Amino acid sequence: MIVVFLGPPGSGKGTQADILHEQHGFFHFDTGSRLRAEIASGSELGARIEQYTNAGKLVPIDIIREMIKRFFSASDAGRIMFDGFPRNLEQARVLDESLLEHNVKLDCAIYLEIDEDSLLNRIVNRRFCPQCGDIYNLQSNPPRQAGVCDKDGAALIQRQDDTAEVFGTRLTVYLHETMPVLEHYRKQGLLNTIDGDFDIGEVSKAIVELLGV
Ligand code: ADP
Ligand code: ADP
């Protein structure tokens, strides 16, 4: 089963994809984390990527195309969850082509719809574990011990782009570039909308019901 997660920054894509990974064996393909790992490696490519992520802009298509190509040539996962990709129509076409080339089909695109006013609050209160990638929220999903990952005890950190200023650009990019992707999947009869305003458990229940996993 292949699923795409769509929604604005902070809508809960990563959180829900992690749950599907842990409880339902989905492979979680997350472009944002892969890009951050490249930046952390200190490579030249990472330095190029950082200019875009720090500004809240989409990284160029050649970088994303290469990432997708590598993923498909190495992957034999039965259940795949794409989180943070595709982010514009050009990327949606790259995914369509890759699926066709590998003789597999997209089963479902899930749009996490959420009240825009709650997004900034979620973003500035987001923290994550640099070791295992687990996502927390100081208000809605705090760790048991302040500042420390429940799973491995690592010190939680805040993403460099999770500021009010960069969030503004990310939301604008989402509205202009990613929203048309919803229409792309609606036309294919694959788009399903889930209300992302409920708490994490309720949203997860709705997704699991929709996918029938
Ligand atoms: P995205 O991947 O779409 O940017 P995340 O999954 O990282 O979103 O969630 C953004 C922030 O909101 C995180 O701090 C997360 O813990 C929190 N969060 C996720 N889902 C919910 C929810 N349903 N209700 C409240 N907070 C949530
Ligand atoms: P969010 O949790 O807000 O949805 P992500 O972790 O998915 O954020 O992405 C963080 C940043 O990484 C984006 O603002 C963008 O700069 C870059 N990025 C992530 N995925 C893509 C993609 N598919 N195409 C281009 N840039 C991307």
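Anyway, here's the lowdown on the structure attached to this text. Note that the structure is predicted; figures quoted are calculated from it, not measured.

**Side note on helix 3 (residues 44-53)**
Looking only at helix 3, the buried set comprises Gly 46, Ile 49 and Thr 53. Considered in projection along helix 3, the buried side chains sweep an arc of 65° and stay on one side of the axis. Structural note: helix 3 exposes Glu 44 and Gln 51 on the side pointing more than 90 degrees away from its buried face. Buried residues belonging to helix 3 abut helix 2 (31-40), helix 4 (61-74) and helix 7 (164-187).

**Quick notes on the pattern of salt bridges**
Applying the stated criterion across every chain yields a total of 10 salt bridges. A salt bridge links Asp 162 to Arg 126; the nearest nitrogen and oxygen atoms lie 2.8 Å apart. Of this pair, Asp 162 sits in the loop between strand 6 (135-137) and helix 7 while Arg 126 sits in strand 5 (residues 126-128), placing them 36 residues apart in sequence. As far as the burial class goes, Asp 162 and Arg 126 line up, both buried.

**Overview of a negative patch on the surface**
Together, Glu 113, Asp 115, Glu 116, Asp 117, Asp 195 and Asp 197 line one region of the surface with negative charge. You can see Asp 195 is positioned in strand 7 (residues 191-195). The partly exposed category is assigned to Asp 195, whose relative accessible area is 37%.

**Overview of the packing of aromatic side chains**
One pass over the structure, following the stated rule, counts 8 aromatic pairs. Between Phe 27 and Phe 71, the aromatic rings sit 5.5 Å apart at their centres with planes inclined by 35°, giving tilted as the arrangement. Taken together, the positions of Phe 27 in strand 2 (residues 27-30) and Phe 71 in helix 4 put the pair 44 residues apart, joining distant regions of the chain. Both rings, one in Phe 71 and one in Phe 82, keep their centres 5.8 Å apart while their planes meet at 80°; by these two values the pair is edge-to-face. Of this pair, Phe 71 sits in helix 4 while Phe 82 is found in strand 3 (residues 80-83), placing the two residues 11 residues apart along the sequence. Considered together, Phe 71 and Phe 82 belong to a single accessibility category, that of buried residues. One aromatic cluster is present, formed by Phe 27, Phe 29, Phe 71, Phe 72, Phe 82 and Phe 85 through successive ring pairs.

Reading the values: the criteria
Residues numbered from 1 in each chain as written. Chains lettered and ligands numbered in written order. Predicted model: local features only at pLDDT ≥ 70, side-chain atom pairs only at ≥ 80, totals over all residues. Heavy atoms only, no water. Buried < 20%, exposed > 50% of the residue type's maximum accessible area, 1.4 Å probe, protein only. Helix = DSSP H or I, 4+ residues; strand = E, 2+ residues; numbered from the N terminus. Arc of directions from axis to C-beta. Contact = heavy atoms within 4.5 Å. Salt bridge = Lys/Arg side-chain N within 4 Å of Asp/Glu carboxyl O. Patch = residues over 30% accessible without salt bridge, like charges linked within 9 Å, V, L, I, M, F, W, Y side chains within 5 Å. Areas by Shrake-Rupley, 256 points an atom, 1.4 Å probe, with all protein chains shown as cover. Lys, Arg positive; Asp, Glu negative; His and termini not counted. Charge placed at Lys NZ, Arg CZ, Asp CG, Glu CD. Phe/Tyr/Trp six-rings, centres within 6.5 Å; stacked < 30°, edge-to-face > 60°.

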